Amino acid sequence: MPKVSAIVAIYKVEKYIERCAVSLFEQTLDDIQYIFVDDCTPDKSMDILQQVMELYPNRKGRVTICHHEHNQGIAAARKTGLNEAQGQYVIFCDSDDWVDKEMYRLMYEKAIEENDDIVSCGWISAKSSSSFGGGSLEDFSSEVETSKDYVRELLLNKKSPFLVNKLVKRTLFNQKILFPIANAGEDMCLVCQLYYYSTRIGHVSKKMYYYYQNPTSITHSMDQQKTIDFVNNTKANFELVCSFLGDDFLAYQAEIESHRYWIKNWMRHAVQTTADIHLWKDVYPELNNPFNRNHYFKRRDRIMALLMDLGVYPWVKKIIRG
């Protein structure tokens, strides 16, 4: 059994896959299973990956490549990779990001030493596409408490929902997991469930995952329709979390309502004229009341709800941008 299975979905990343693959193949941890899922990418990403593999003959024999017949998105690609995983632990990496060469070894050693179900590490937001460690960096590392506390903090957006900086014991995926059905909010959907099931969690404070803020990604290039799709997909995946919680739903009700309001607020980016206000109101309409008593709602959110209710939000937004 490999120590770690690393799963990477590939789609339109010919500019970045070399950097990603090199960082994975140069890991100081031995006995890694690499699983690359070709999500029917139309560019030269797979050719570049093959070229990089030839430079690491000691790793090449540990590589599994899966091919989708048509593009299905990252949620489905990750599930395909997971079906091939044989490692004691599983970790995911986005193909336009890269990792510190010690990341998997330090996280695995931490997991083995403490028998952790999940180990997270610090991560860095890289605004530049320059190679290892370059560009303007911002620190968004997180710390962890108990598993149930982490779920609560995730719902309140106080903890990172990233899946890619978390090493997960593969047997956790044998639990009753509701896999994401859409390609937005898929990390939150899985991470909430995995932490819910975990009994021992650990953290390596070193910042080792480099998250590249790709300007062509959906969250950085959203027009009105993309915003609508993003909100609807995020909502669909989050409602899976709510279904998953089942009998525990009431224990998290206030936090769930807060997260639903966060999703609803994304739709404000699609509101350009008064005729668009219905887009915002139609997302969780039960939360339209600006005087909602949920103490997690921030004052600015209540003000925005009032502006939407009065139909003046688009005008106020224009004045502020002025």
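Residues numbered from 1 in each chain as written. Predicted model: local features only at pLDDT ≥ 70, side-chain atom pairs only at ≥ 80, totals over all residues. Heavy atoms only, no water.

Novice: How would you summarise the overall build of the protein chain if you had to cite specific residues and measurements?
Specialist: Scanning the protein chain for helices and strands turns up twelve helices and nine strands. Counting the 322 residues in the protein chain, one finds 52% classified as buried. For the protein chain, contacts bridging at least 24 residues in sequence account for 77% of all contacts bridging at least 6. Split by element, the accessible area of the protein chain, about 15200 Å² in all, is 49% carbon and sulfur. (Helix = DSSP H or I, 4+ residues; strand = E, 2+ residues; numbered from the N terminus. Buried < 20%, exposed > 50% of the residue type's maximum accessible area, 1.4 Å probe, protein only. Contact = heavy atoms within 4.5 Å. Areas by Shrake-Rupley, 256 points an atom, 1.4 Å probe, with all protein chains shown as cover.)

Novice: A description of helix H1 (residues 17-25) should follow, citing residues and the corresponding values.
Specialist: The element H1 is largely enclosed, with a buried count of eight among its nine residues. Listing the buried residues of H1 in full gives Ile-17, Arg-19, Cys-20, Ala-21, Val-22, Ser-23, Leu-24 and Phe-25.

Novice: Which residues make up the environment of Thr-171, and what are the values?
Specialist: In this fold, Thr-171 is placed in the loop between strand E8 (166-169) and helix H7 (186-197). Classification of Thr-171 by relative accessible area gives partly exposed; the value is 46%.

Novice: Break down the environment of Ile-112 for me, with residues and values.
Specialist: Its place among the elements puts Ile-112 in helix H5 (residues 103-114). Separated by 109 residues in sequence, Ile-112 and Lys-3 have C-alpha atoms that sit 10.0 Å apart. Contacts of Ile-112, omitting those with residues within four sequence positions, involve Gln-88 and Tyr-89.

Novice: Before we move on, could you go through the packing of helix H8 (residues 224-245) against helix H9 (residues 253-266) and cite the residues and values that matter?
Specialist: The geometry of H8 relative to H9 is characterised by a closest axis approach of 9 Å and an angle of 170° between their N-to-C directions. With respect to H9, the axis of H8 lies roughly antiparallel. Here Thr-227, Phe-230, Val-231, Thr-234, Lys-235, Phe-238, Glu-239, Cys-242 and Leu-245 of H8 come into contact with H9, specifically with Ile-256, His-259, Arg-260, Trp-262, Ile-263 and Trp-266. Among the residues forming the contact of H8 with H9, the class breakdown is nine nonpolar, three polar and three charged. (Axes fitted to C-alpha atoms, helices over the stretch in contact; angles between N-to-C directions. Parallel < 35°, antiparallel > 145°, perpendicular 65-115°, else oblique. Nonpolar A, V, L, I, M, F, W, Y, C, P; charged D, E, K, R; others polar.)

Novice: Account for the packing of aromatic side chains, with residues named and values stated.
Specialist: Enumeration over the complete set of coordinates arrives at 18 aromatic pairs. Centroid distance Tyr-89 to Tyr-108: 6.0 Å. Interplanar angle 90°. Geometry classified as edge-to-face. In this pair, Tyr-89 is assigned in strand E4 (residues 89-94) and Tyr-108 in helix H5, connecting sequence segments 19 residues apart. According to the relative accessible area criterion, Tyr-89 is buried, its value standing at 1%. Taken together, a centroid distance of 4.2 Å and an interplanar angle of 45° make the contact between Trp-123 and Phe-162 tilted. With Trp-123 in strand E6 (residues 118-126) and Phe-162 in the loop between helix H6 (147-155) and E8, this pair connects stretches of sequence that are 39 residues apart. (Phe/Tyr/Trp six-rings, centres within 6.5 Å; stacked < 30°, edge-to-face > 60°.)

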